[in-house]
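Overview (structure and organization)
Here is how the chains run, residue by residue.
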Amino acid sequence: MMSEIPNCPECSSTYTYEDGMLLICPECSHEWPKESEASNNDDNEQVKDSNGNVLNDGDTVAIIKDLKVKGSSSVLKIGTKVKNIRLVDGDHNIDCKIDGFGAMKLKSEFVKKV
Ligand SMILES: [Zn+2]
């Protein structure tokens with residue numbers, strides 16, 4: 001099946017052709033960018049928990065292994081619930097506040113959605 005090329009938006013010519021990312025009209029020399037379906041893809045990387053479930057802002061998660069807290073001797077115990085997470089960019093992709101610990105960042109691979 002041939003891909004459908006739209007008519008020229010300037011002169012309505014049907015002799016338009018593709019050239020890379022452009023569409024070109026040979027009759028009036030109009031050039032315009034091809035609307036590729038790829039550009040409509042949602043390229044936001046989804047953050048997933050240890051089970052592969054997609055996490056969203058505001059979710060509640062539980063810690064799946066004991067985690068040492070940076071700069072303190074405290075340990076976040078397995079099963080600790082973390083409410084109202086916020087997804088952020090970076091290595092530690094979950095921003096949250098934990099009762100008794102305060103604000104901290106977690107890695108999504110060490111939590112699961114509850
Ligand atoms: Zn044209």
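The protein chain goes by Alkylphosphonate utilization operon protein PhnA in an unreviewed UniProt entry, where it is assigned to Paenibacillus cellulosilyticus. Reading the Sequence similarities (unreviewed entry) entry of the UniProt record for the protein chain gives the comment "Belongs to the YjdM family."

1. Focus: the overall build of the protein chain
Scanning the protein chain from terminus to terminus reveals zero helices and eleven strands. Along its sequence from the N terminus, the protein chain presents helices and strands in the succession β-β-β-β-β-β-β-β-β-β-β. Considering the protein chain as a whole, with its 114 residues, one finds that 26% of them fall into the buried category. Counting only contacts in the protein chain whose residues sit at least 6 apart along the sequence, the fraction spanning at least 24 positions is 35%. Looking at the protein chain as shown, the accessible area adds up to about 8400 Å², and 44% of this sits on carbon and sulfur atoms.

2. Some remarks on the nonpolar core
Formed by 15 residues in total, the largest nonpolar core has its most connected members in Leu76, Val82, Cys96 and Leu106. Mapped by element, the contributors of at least two residues to this core are strand 4 (61–63), strand 9 (94–98) and strand 10 (102–106). Examining the composition of this core, we find that three residues originate from one element, strand 9, more than from any other.

3. Considering the pattern of salt bridges
Inspection of every chain in the model, using the stated rule, returns four salt bridges. Residue Glu18 pairs with Lys34 through a salt bridge whose shortest N-O separation is 2.6 Å. One end of the pair, Glu18, is in strand 1 (residues 17–19); the other, Lys34, is in the loop between strand 3 (31–33) and strand 4, and 16 residues separate them in sequence. For Arg86, the salt bridge identified is with Asp95, shortest N-O distance 3.0 Å.

4. Some points on the coordination of the zinc ion
Looking at the metal site, the zinc ion is ligated by Cys8 (SG), Cys11 (SG), Cys25 (SG) and Cys28 (SG), spaced 2.2 to 2.4 Å from it. Considering all four donor atoms around the zinc ion, the spread of angles at the metal, 106 to 116°, places the coordination shape in the tetrahedral class. Mapping the donors of the zinc ion onto the primary sequence yields the spacing C-x2-C-x13-C-x2-C. Of this pair, Cys8 sits in the segment before strand 1 while Cys28 sits in the loop between strand 2 (22–24) and strand 3, and the two are 20 residues apart along the sequence.

5. Description of the UniProt feature "domain: Protein YjdM N-terminal" (unreviewed entry) in the protein chain
On the UniProt side, "domain: Protein YjdM N-terminal" (unreviewed entry) is annotated at positions that read residues 5–33 here. Across residues 5–33 one finds 0% helix and 31% strand; the C-alpha atoms that close the span lie 12 Å apart.

The rules behind these values
- Residues numbered from 1 in each chain as written.
- Predicted model: local features only at pLDDT ≥ 70, side-chain atom pairs only at ≥ 80, totals over all residues.
- Heavy atoms only, no water.
- UniProt positions renumbered as here; feature names shortened; annotations may be inferred.
- Helix = DSSP H or I, 4+ residues; strand = E, 2+ residues; numbered from the N terminus.
- Buried < 20%, exposed > 50% of the residue type's maximum accessible area, 1.4 Å probe, protein only.
- Contact = heavy atoms within 4.5 Å.
- Areas by Shrake-Rupley, 256 points an atom, 1.4 Å probe, with all protein chains shown as cover.
- Core = buried A, V, L, I, M, F, W, Y, C linked by side-chain atoms within 4.5 Å.
- Salt bridge = Lys/Arg side-chain N within 4 Å of Asp/Glu carboxyl O.
- Donors = N, O, S within 2.8 Å, 3.2 Å for Na, K, Ca; no water.
- Tetrahedral: all angles 85-135°; square planar, octahedral: opposite > 155°, others 65-115°.

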